[in-house]
Amino acid sequence: MSDAKSIGLPSHLWAALDQMAGEMGVGRDQLIAQAVFTLARLNGYLVPGKVHVASGGPPRLEPSVGRSSAMKSRGRGAEEEEPQEEEPPPDEGMDDLPQDDLPDDGGGEEEPVEEEPPPQPRGGGGRATLTLFVQGRDPFKMPSDSMTIGRGKSCDFVIESNRVSREHARITREGSDFYFEDLNSSNGSFFGPNKEKVTTRRKLKDGDEYTLGTEKAKFSIRR
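Summarised in this report is the structure supplied together with it. (Residues numbered from 1 in each chain as written. Predicted model: local features only at pLDDT ≥ 70, side-chain atom pairs only at ≥ 80, totals over all residues. Heavy atoms only, no water.)

## Considerations on helix H2 (residues 28–42)
Line of reasoning, step 1. The terminal C-alpha atoms of H2, which comprises 15 residues, lie 21 Å apart, in line with the 21 Å expected from a rise of 1.5 Å per residue.
Line of reasoning, step 2. Among all positions of H2, only Leu-31, Ile-32, Ala-33, Gln-34, Ala-35, Phe-37, Thr-38 and Ala-40 are buried.
Line of reasoning, step 3. Two residues or fewer past H2, Gly-44 is found with a positive phi of approximately 80°. (Helix = DSSP H or I, 4+ residues; strand = E, 2+ residues; numbered from the N terminus. Expected span 1.5 Å × (residues − 1). Buried < 20%, exposed > 50% of the residue type's maximum accessible area, 1.4 Å probe, protein only.)

Here it is, written out as C-alpha cells:
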C-alpha cells in the first residue's frame, strides 16, 4: 500500500491505528489487512481454508486440501508434506477496533420502554367521606351514596332505642355534598345544641350534631 491514508477513515481511527502499530510493533498496513480479513470471515465473504499472510500484504485464502491431495502428499513421504498454517481465531484483532465500527449483529428491535403513569395529584382529588359518631359505638363510615339510620334491623346504622323510629333519618350523597333528611319520625330530629327541629332536607357540614329522638349523632366529613 503506497499511501495508507488514501483509505477514508475518521481521524480518531487513524490515531488509534498509529498507537496500535507503535505498541504492537507492526506496520499499519498489516493491521488494516488483518481487520479486513477478520470482518470478511465473520460476514461470510471468505470460505474457511488455508490462510497465507504475505509480509506487508493482505491475507490470501488458499483452497482447502482435499482427501485425494492429502493421500498423494502421504505417498511422496512425510518429509515432502507442506506444513499447514493455522487459521487465526475469528475474533483476533477485533478487540482493538472501536466498538462503533464493528459489524451489526442483526439483532431484533429493542422492546419499547413502558412509561410510568403520571403521579396522582395530592389533596382535592379523592371523594369526600362521611363518618357517623354515636356515643358508645364505633365510628361508622357511610358505605354508599345513601344510608338509613333507625331502630329497624334493615337500616344501615341501627340505634337500639325506643325513642328512635324504625327508619328515622336518611343521609344522601350528591357529588361532594351530603344531606340530612328526617323520615317523618315519631320523636323528630333536631339540629345543633339548641335542638332546632328539622322539618326540611338540610345540607350537612363537618362537625354537625343532630339529635334523633334522644340519641345524639355527630357527623365528620373529610374531603
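Let's pick the thread back up.
## Digging into the pairing of strand E13 (residues 215–222)
Line of reasoning, step 1. Of the pairings in the sheet, the one linking strand E3 (residues 129–133) to E13 comprises five bridges and is antiparallel in character. Bridge pairing in E13 places Phe-133 opposite Lys-218.
Line of reasoning, step 2. Summarising the sheet, strand E12 (residues 209–212) and E13 pair through four bridges and their orientation is antiparallel. Paired with Leu-212 across the strands is Glu-215, a residue of E13. (Pairing = 2+ DSSP bridges.)

## Regarding the pairing of E3
Line of reasoning, step 1. Pairing of E3 with strand E4 (residues 140–141), which is carried by two bridges, proceeds in the antiparallel orientation. Across the sheet, Leu-132 pairs through a bridge with Phe-140, a residue of E4.
Line of reasoning, step 2. Taking the residues that link successive antiparallel strands as the turn, the E3-E4 hairpin has six residues, and the phi of Gly-136 there is positive, at about 85°.

## What about the packing of aromatic side chains?
Line of reasoning, step 1. Considering all chains together, one arrives at five aromatic pairs under this definition.
Line of reasoning, step 2. A ring pair is formed by Phe-191 and Tyr-210, whose centres lie 5.1 Å apart and whose planes are at 55°; its orientation type is tilted. Here Phe-191 is found in strand E9 (residues 189–191), whereas its partner Tyr-210 is found in strand E12, with 19 residues between them in sequence.
Line of reasoning, step 3. Overall, Tyr-210 belongs to the buried group, its relative accessible area being 0%.
Line of reasoning, step 4. One aromatic cluster in this structure is built from Phe-180, Phe-191, Tyr-210 and Phe-219.
Line of reasoning, step 5. Between Arg-201 and the ring centre of Tyr-179, over which it is positioned, the NZ or CZ distance is 4.3 Å.
Line of reasoning, step 6. Note that Arg-202 overlies the ring of Phe-191, its terminal NZ or CZ placed 4.2 Å from the centroid. (Phe/Tyr/Trp six-rings, centres within 6.5 Å; stacked < 30°, edge-to-face > 60°. Lys NZ or Arg CZ within 6 Å of the ring centre and 35° of its normal.)

## Some points on the sheet that holds strand E5 (residues 146–150)
Line of reasoning, step 1. Read across the open sheet, the five strands follow the order E6-E5-E7-E8-E11; overall the sheet is mixed. Whereas interior strands pair on both sides, the edge strands pair on one side only; in this sheet they are strand E6 (157–158) and strand E11 (202–203).
Line of reasoning, step 2. Bridge analysis of E5 against strand E7 (residues 169–174) gives four bridges, and the strand direction is antiparallel. Within E7, the residue paired with Met-147 across the bridge is Ile-171.

## Some details on the pattern of salt bridges
Line of reasoning, step 1. Counted by the stated rule, this structure contains nine salt bridges.
Line of reasoning, step 2. Across the pair Arg-127 and Asp-145 runs a salt bridge whose closest N-O atoms are separated by 2.5 Å. In this pair, Arg-127 sits in the loop between helix H3 (67–75) and E3 while Asp-145 sits in the loop between E4 and E5, placing the two residues 18 residues apart along the sequence.
Line of reasoning, step 3. Of the residues examined, Asp-145 reaches a relative accessible area of 37% and is grouped as partly exposed.
Line of reasoning, step 4. Arg-201 is the salt-bridge partner of Glu-174, the closest N and O atoms lying 2.3 Å from each other. One end of the pair, Glu-174, is in strand E7; the other, Arg-201, is in the loop between strand E10 (196–197) and E11, with 27 residues separating them in the sequence.
Line of reasoning, step 5. One network of salt bridges, with partners in common, ties together Arg-127, Asp-145 and Arg-173. (Salt bridge = Lys/Arg side-chain N within 4 Å of Asp/Glu carboxyl O.)

## A word on helix H1 (residues 11–24)
Line of reasoning, step 1. The end-to-end C-alpha separation of H1 is 20 Å, in line with the 20 Å expected for 14 residues at 1.5 Å each.
Line of reasoning, step 2. For H1, every residue scored as buried is listed here: Leu-13, Trp-14, Leu-17, Met-20 and Ala-21. Buried residues of H1 fall within an arc of 125° about the axis and therefore sit on the same side. The exposed set on the far side of H1, more than 90 degrees from its buried face, consists of Ser-11, His-12, Gln-19, Gly-22 and Glu-23.
Line of reasoning, step 3. Packed against the buried residues of H1 are H2.
Line of reasoning, step 4. In the segment just after H1, Gly-25 is the residue with positive phi, at about 75°. (Arc of directions from axis to C-beta. Contact = heavy atoms within 4.5 Å.)

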